[in-house]
Amino acid sequence: MKLETIKTKIWQEHAQTKHPFMADSCYCSGYNVYQDILPNASWIEYLFLLFQLELPTAKQARLLEKLAIALANAGPRDYSVRAAMNGGVGGSSSAACLMAALGVGAGSVAGAREVLLAMQAWQHCGLSLALWQQYLSQPKSATQADVWPEAEHPMGFDPYANTCAQPVQQTLAVLVDCQVGEYLLCLQQQQGQLEQWAQCPLAMSGVAAAALSDLGFNPEQGEMLYLLLRLPGAAVHALEQRQLGWAQYPFFAGKIDVVNDPKRNQDEIND
Amino acid sequence: MTKVEQLSQAQQQWRTDIGAWFAGERVVFRGKDLLTELHHLSWMGLLLYGITGKIPTEKQQRLFERLWVLSTSYPELRLWNNRVVALAGTVRSTAALGISAGVAVSQAEIYGGCPMTKAIDFLYRIKPDYDQGKDLTELVNLEIQQHKIIAGYGRPLIRTDERIQAVMQFAQELALDQGEYVKLAFAIEQVLFKLKHHKIYMNVAGLLAALAADQGMSVQDYNLYITLCFAAGMFPCFKDTVSQPEATFFPFSCEQIEYTGKAKRQWSQ
């Protein structure tokens, strides 16, 4: 009986002569993985190849590597990192910690969905300031319900910042310096104008969206990469909290106000 | 209030009506004592109460539970969400990890969470116009123009849905088979029969949405209600593969990778 196959442009394998389930050699987009890529490529070059099926130029590799550094750890205050730490502190499995980080880091506030939507905005607006003004000033409402809650602020911008955070500015400067594509440069040159239309300062997700677009990734690829590149911080903070233990981890004791607590209501009546 | 003030205030306190655990003493669950006031509820009853904030009637508990029993949980390892769970079992991951992943995967674009949410949303969106006498065919056509498909109708892999009859039979037992949204859902099916060259039948997501809409469940609440609806079929999938020899769930041989990419090339950097 003919066996079903998995179609792929990414991966090819040749089996051992006497064992059809053991690979003798593996190829990624035509390159021998363990013979050529492993001794020669950097992790970033291989990552780029996996997504785009071509090796990056030196400038592209540098940009992706700098972006990967900028995104690697958002710090323990970040909501996705916090999710991972909640796994770690209770002794949940490592996979659960990363799944928690992915689940929380997927959203439209500093998360991967924000990057996806911001990249779609770059696709739509490109370098046209008129289109950006329309997009940021007159956001369109969804025409049908979605499993994703509707975005509540302009994608790629920080709804709680007063001014653009220094790490965001520093990242933008280093990424622009890599001289790949036009979106990052446009973002840097027009940052003030875009922030004015958005009524919010630029966020790290906005910088990432421009960088990923400059690198030629489509929005779905950008979303995946953003999820993936933020995992190192989630991992190490989860491990650290696992080590430190729950007694040293915030529980917000006494900070929940249950407005309809029947006992409190009863006490108020008694008082 | 400035942004900093807003965050500083949020830092101090979280006001909520969903409840809390008063350690060693009691649990408040949406304004009621879980241990003394809600212990009579079924699990589905508690789930619905947590979602909607309203104690469901006996009839509603039976309805929403039976919808899950009849229509959403198949112990079928090949279905994509269930297959994730089966894969977790075969490689000896944990049930919680496999099933969590399976639940997350169930929120898919072509089945599960997305079309189910869009199905109830569609009913709510067109009902006011339909009630005002607008032509249903026009309303359906407009939806197809705007969103390409009618969520709740048609099905990947096959055309008909074996669950409709069983669900309708139960709805009839509860006298819920003639609700306004159920009637509307079947009327839409009739429109689609006429519009398309190939008949497009309502799938069970369309019927479930209609039954939930007849109970007044909001789109957002319905989205929450369906989140775990596939879970019961996943547990047996894990149990099956974890109890058979490791890594033997439909293994792929190397030649089953059908490579369609670039020809072999030399590394030159």
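Residues numbered from 1 in each chain as written. Chains lettered and ligands numbered in written order. Predicted model: local features only at pLDDT ≥ 70, side-chain atom pairs only at ≥ 80, totals over all residues. Heavy atoms only, no water.

**Some thoughts on the domain arrangement of chain B**
All names here are of chain B. Split into domains, chain B comes out as domain 1 (18-56) and domain 2 (113-226). Tallying the contact residues gives four residues for domain 1 and four residues for domain 2. Buried area between domain 1 and domain 2, summed over both chains or domains, comes out near 360 Å², and the portion from carbon and sulfur atoms is 80%. When the buried area of domain 1 at its contact with domain 2 is split by residue, L48, I51 and T52 rank highest and sum to 80% of it. Taken together, the links from domain 1 to domain 2 amount to zero salt bridges. At the junction of domain 1 and domain 2, the tally comes to zero residue pairs in polar contact (both at pLDDT 80 or more). Residues of the side of domain 1 that touches domain 2, tallied by class, amount to three nonpolar, one polar and no charged. (Domains from an automatic or database assignment. Contact = heavy atoms within 4.5 Å. Buried area = accessible area lost by both parts, 1.4 Å probe. Salt bridge = Lys/Arg side-chain N within 4 Å of Asp/Glu carboxyl O. Polar contact = N/O pair within 3.5 Å; in protein donor to acceptor, adjacent residues only side chain to side chain. Nonpolar A, V, L, I, M, F, W, Y, C, P; charged D, E, K, R; others polar.)

**Some details on the sheet that holds strand β2 (residues 19-22) of chain B**
Residues and elements named next belong to chain B. Read across the open sheet, the three strands follow the order β2-β3-β4; overall the sheet is antiparallel. If you trace the sheet from one side to the other, it starts and ends with β2 and β4 (32-33), each paired once. Sheet topology note: the strand β3 (residues 26-29)/β4 ladder contains two bridges and is antiparallel. Each residue of the ladder has a partner; that of V28, found in β4, is D33. (Pairing = 2+ DSSP bridges. Helix = DSSP H or I, 4+ residues; strand = E, 2+ residues; numbered from the N terminus.)

**Details of the environment of B:I257**
Note that B:I257 resides in strand β5 (residues 257-259). Note: C-alpha distance between B:I257 and B:Q12 (245 residues apart in sequence) is 56 Å.

**Details of unusual backbone geometry**
Of note, A:S29 is a non-glycine position whose phi angle comes to about 45°, a positive value. Counting through the fold element by element, A:S29 comes out in the loop between β3 (19-28) and β4 (31-32). Relative accessible area serves as the criterion here: at 0%, A:S29 is assigned to the buried category. At B:R30, a position not held by glycine, the phi torsion is positive, near 50°. Mapped onto the elements, B:R30 comes out in the loop between β3 and β4. (Buried < 20%, exposed > 50% of the residue type's maximum accessible area, 1.4 Å probe, protein only.)

**Observations concerning helix α13 (residues 231-242) of chain B**
All names here are of chain B. Its 12 residues place the ends of α13 17 Å apart at the C-alpha level, agreeing with the 16 Å of an ideal helix rising 1.5 Å per residue. Regarding α13, the residues found buried are A231, G233, M234, C237, F238 and T241. End-on view of α13: buried residues confined to an arc of 145°, all on one side of the axis. Of the exposed residues in α13, those oriented more than 90 degrees away from the buried face are A232, F235 and K239. Lining the buried residues of α13 we find α5 (80-90) and α6 (95-105). (Expected span 1.5 Å × (residues − 1). Arc of directions from axis to C-beta.)

**Some thoughts on empty space enclosed by the protein**
All names here are of chain A. Under the definition given, this model contains two cavities of 30 Å³ or more. What the largest cavity holds in volume is close to 70 Å³. Forming the walls of the largest cavity are A118, W122, W132, M155, G156, F157, L187, L202 and G206. Classifying every residue of the lining of the largest cavity gives seven nonpolar, two polar and no charged. What lines the second largest cavity is simply S80, A101, L102, G105, L227, R230 and L231. (1 Å grid on protein atoms, 1.4 Å probe; cavity = no way out; pocket = protein on both sides within 12 Å on 5 of 7 lines; lining within 4 Å. Points joined across faces, edges and corners; volume = space filled by probe spheres on them.)

**Comments concerning the pattern of salt bridges**
Applying the stated criterion to the full structure yields 15 salt bridges over all chains. For B:D131, the salt bridge identified is with B:K127, shortest N-O distance 2.9 Å. Of this pair, B:D131 and B:K127 are both found in helix α7 (residues 113-131), four residues apart, which corresponds to roughly one turn of the helix. B:R163 is paired through a salt bridge with B:D161; the nearest N and O atoms lie 2.8 Å apart. For the residue pair B:R163 and B:D161, the accessibility class agrees, reading buried in each case. Overlapping salt bridges bring together A:E54, B:K262 and B:R265 as one network.

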